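# Survey of secondary and tertiary structure
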Amino acid sequence: MSINPDSLIMYTPDFIKQFRAQFPFYQNQTDKPISSVYLDNAATTHICQPALDAINHYYQFEHANVHRSSHPLAIGASNQFEAVRQQTAHWLNAIDKNEIVWTKGATEAANLIAHGLSKVHIKAGDEVIISLAEHHAHFVTWQQLAKYYNFNLKVVSLTQDLQIDLAHLSHLINPKTKAIAFCHVSNATGVIQPVDAILQLIKPHKQIVSIIDGSQAVNHIPINIQALNCDFYFFSAHKMHAGTGLGVCYGKQSWLNALPPYQFGGEMVKHVSLDDTQFNQLPFKFEAGTPNISAVIAFGATLKFLTQFQWQKIKVYENELMAYLLNELEQRKSINLLADDHLVGAVSFTVKDMHCKDASDILSQMGVALRAGSHCAMPLIQAICPQGSLRVSICGYTSVEDINYFLFCIDELNEFL
Ligand code: PLP
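Residues numbered from 1 in each chain as written. Predicted model: local features only at pLDDT ≥ 70, side-chain atom pairs only at ≥ 80, totals over all residues. Heavy atoms only, no water.

## Examining the overall build of the chain
Helices and strands together make up the secondary structure of the chain, namely 14 helices and 15 strands. The principal-axis extents of the C-alpha atoms in the chain amount to approximately 70 × 55 × 35 Å. Here the analysis covers contacts within the chain between residues at least 6 apart in sequence; of these, 70% occur between residues at least 24 apart. Accessible surface, the chain: about 17600 Å² in total, of which carbon and sulfur atoms supply 51%. In the chain, the 28 positive side-chain charges and the 36 negative ones have mean positions that sit 7 Å from each other. (Helix = DSSP H or I, 4+ residues; strand = E, 2+ residues; numbered from the N terminus. Contact = heavy atoms within 4.5 Å. Areas by Shrake-Rupley, 256 points an atom, 1.4 Å probe, with all protein chains shown as cover. Lys, Arg positive; Asp, Glu negative; His and termini not counted. Charge placed at Lys NZ, Arg CZ, Asp CG, Glu CD.)

In structure tokens:
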């Protein structure tokens, strides 16, 4: 990565301090005994105050189930719930709110898509391409379904800079290829994948369904679904300052209509007789049972909050902070970066002569929270760094002081070598 030294930031700007002040985790910092320098944002981000307020308000004053009863409280909850679906479609620039299915997380979205396609689109003997960079949510799901349904899983390799290898991808594609599943950004390395080039490459092959795991992209890169023109895109709300237990699964209407329901139960039905069931329309066909209503409402509050705080401006700061962090890590002889280009949000590295778990234990004791190991991406880590790596992941509220303290702790690790 080429870094202009003049662009390196040295102080946390005031608007970032104001943004950070909206996260209860950062209030009363002095009361926090451990892990106050939180650099594990790829695992989960802290929830913002507006999302917490929305959860409280919903449970205190507006709590009712959605799409069932007709009393005013229930109608109010249903309207709010659907308004957030619309808001999410707008945030992603999807055509229609019915293309947004709520799931309990990215993992459930990956399963919903893969199970559905395995039933109606992929036949025994067909092929599905998955990238080596996938999180287990994507990788294991497709691996296990390939065994169950007897189709073949082809793994597309990565280039030296850990991006999906387009030449290898092109070589793998053939008339039997029915789907390609890949991440927008790798959770293990922070590397942005060439999504546009991949989608361009598969475009002439109409039988190939494109599925993008956007979990590590949504909090760092503006997503324009219509411009991307992929078939499916999914992520978890907790990766972008909302609560846990909520996933967003975007699918083109034609594909969502073609897929069978993933789960059965209440609300996903139109009519039930003794012998058969007529399923509900989109998106309810995929939302069996009581959904995570408060998490949806909190997600709406988060999107509003991010818009009001000029999310794009925060992203510029975040990229500068990443450049600063990379530049500093690159200067340290004891550090070996897994990738140093096309990075967003996270950087993965090893410390010379120290196991990543030992390094993370020492850093934890010094109050730095980050992740060590294989990052739920064992196939990738086994291939490029079998001993595992450390991953430091930032987001909009990460301060320059956080990074400086982390760098100080990295230097202190030398004392243990
Ligand atoms: N995909 C990626 C790239 C991830 O980083 C994660 C979580 O870390 C997931 C999928 C799974 O998300 P969840 O555990 O919220 O379902």
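## Thoughts on the pattern of salt bridges
Per the counting criterion, the structure on display carries eleven salt bridges. As a salt-bridge pair, Asp-14 and Lys-17 come within 4.0 Å of each other at their nearest N and O atoms. Here Asp-14 and its partner Lys-17 are both found in helix α1 (residues 14-20), three residues apart, which amounts to about one turn of the helix. Since its relative accessible area comes to 46%, Lys-17 is described here as partly exposed. Residue Lys-252 pairs with Asp-231 through a salt bridge whose shortest N-O separation is 3.6 Å. You can see Lys-252 sitting in the loop between β8 (247-251) and α9 (253-258) and its partner Asp-231 sitting in the loop between α8 (225-228) and β7 (232-236), a full 21 residues away along the chain. Classification of Lys-252 as partly exposed rests on a relative accessible area of 23%. (Salt bridge = Lys/Arg side-chain N within 4 Å of Asp/Glu carboxyl O. Buried < 20%, exposed > 50% of the residue type's maximum accessible area, 1.4 Å probe, protein only.)

## Considering the packing of aromatic side chains
Summed over all chains, the structure comprises 19 aromatic pairs. Through pairs of rings, three or more aromatic residues link up here, namely Phe-19, Phe-23, Phe-25, Tyr-26, Tyr-38, Phe-305, Phe-309 and Tyr-397. A cation over an aromatic ring shows up here: Arg-20 above the ring of Tyr-26, its NZ or CZ 3.8 Å from the ring centre. When the ring centre of Phe-15 is taken as origin, the NZ or CZ atom of Lys-313, which lies over that ring, is 4.4 Å away. (Phe/Tyr/Trp six-rings, centres within 6.5 Å; stacked < 30°, edge-to-face > 60°. Lys NZ or Arg CZ within 6 Å of the ring centre and 35° of its normal.)

## Quick look at the pairing of β8
β8 sits mainly inside the fold: five of its five residues count as buried. Going residue by residue along β8, you find Gly-247, Cys-249 and Gly-251 tucked away on one face and Val-248 and Tyr-250 tucked away on the opposite face as well. Of the strand pairs in this sheet, strand β2 (residues 100-103) and β8 are connected by four bridges, and their pairing is antiparallel. Pairing of Val-101 across the sheet is with Cys-249, part of β8. Where β7 lies against β8, five bridges are found, and the strand directions are antiparallel. In the sheet register, Tyr-233 faces β8, and the bridge partner there is Tyr-250. (Pairing = 2+ DSSP bridges.)

## Describing the sheet that holds strand β15 (residues 389-393)
Across the sheet, four strands lie side by side as β11-β12-β15-β14; this open sheet has antiparallel pairing. Each end of this open sheet is capped by a strand with a single partner; those strands are β11 (335-337) and β14 (371-373). When the angles between neighbouring strand axes are averaged without regard to direction, this sheet yields 35 degrees. One ladder, built from three bridges, connects β14 with β15; its direction is antiparallel. Its bridge partner lying in β15, Arg-371 is registered against Arg-391. (Axes fitted to C-alpha atoms, helices over the stretch in contact; angles between N-to-C directions.)

## Some words on the environment of Phe-299
Mapping Phe-299 onto the fold places it in helix α10 (residues 293-308). Given the relative accessible area of 0%, Phe-299 is considered buried. For the pair Phe-299 and Leu-228, spaced 71 residues apart in the sequence, the C-alpha separation amounts to 23 Å. With residues near it in sequence (within four places) discarded, Phe-299 still touches Val-84, Thr-88, Trp-102, Phe-235, Ala-237, Met-240, Ala-242, Leu-246 and Val-248.

## Let's talk about helix α14 (residues 400-413)
Across its 14 residues, α14 extends 20 Å between first and last C-alpha, which sits within 8% of the 20 Å expected from 1.5 Å per residue. Of all the residues in α14, the buried ones are Val-400, Asp-402, Ile-403, Phe-406, Leu-407, Cys-409, Ile-410 and Leu-413. (Expected span 1.5 Å × (residues − 1).)

## Quick look at the sheet that holds β2
Strand-to-strand pairing in sheets goes through backbone hydrogen bonds, with the strands running parallel or antiparallel. Across the sheet, which stays open at both edges, the seven strands sit in the order β2-β8-β7-β6-β5-β3-β4 with mixed pairing between neighbours. Sheet topology places β2 and β4 (152-156) at the edges, where each strand pairs with a single neighbour. Averaged over all pairs of adjacent strands, the angle between strand axes in this sheet comes to 20 degrees, irrespective of strand direction. Pairing analysis gives four bridges linking strand β3 (residues 127-131) to strand β5 (residues 177-183), with the strands arranged parallel. Across the sheet, Ile-130 pairs through a bridge with Ala-181, a residue of β5. Those strands touched by helix α5 (residues 136-149) are β3, β4, β5, β6 (209-213) and β7, and its axis lies near 160 degrees from that of β3. Packing against the sheet, helix α7 (residues 195-202) makes contact with β5 and β6, and its axis sits at approximately 175 degrees to β5.

## Observations concerning the nonpolar core
By size, the foremost hydrophobic cluster in this structure holds 113 residues, and its most contacted members are Tyr-233, Phe-299, Leu-325, Phe-349 and Phe-406. Sort the elements by how many residues they give to this core and α10 lands first, with ten residues. Not counting chain neighbours up to four residues away, the residues in contact with Tyr-233 comprise His-184, Ile-212, Gly-214, Ala-217, Val-218, Ile-223, Ile-225, Leu-228, Val-248, Cys-249 and Tyr-250. Formed by 28 residues, the second largest nonpolar core is a distinct cluster that contains Leu-117, Val-209, Cys-249 and Trp-255. (Core = buried A, V, L, I, M, F, W, Y, C linked by side-chain atoms within 4.5 Å.)

## A closer look at the site of the ligand
The full set of residues close to the ligand is Gly-105, Ala-106, Thr-107, His-135, Ala-137, Asn-187, Asp-213, Ser-215, Gln-216, Ser-236, His-238 and Lys-239. Contacts to the ligand include Thr-107, whose side-chain N or O atom sits 2.6 Å from an oxygen atom. Within the contact set of the ligand, a nitrogen atom lies 3.4 Å away from a side-chain nitrogen or oxygen of Ser-215. Summarising the interface, the protein chains cover 84% of the accessible area of the ligand, which totals 390 Å² for the free molecule. Looking at the shell around the ligand residue by residue, the class counts come to two nonpolar, eight polar and two charged. (Near = heavy atom within 4 Å. Polar contact = N/O pair within 3.5 Å; in protein donor to acceptor, adjacent residues only side chain to side chain. Nonpolar A, V, L, I, M, F, W, Y, C, P; charged D, E, K, R; others polar.)

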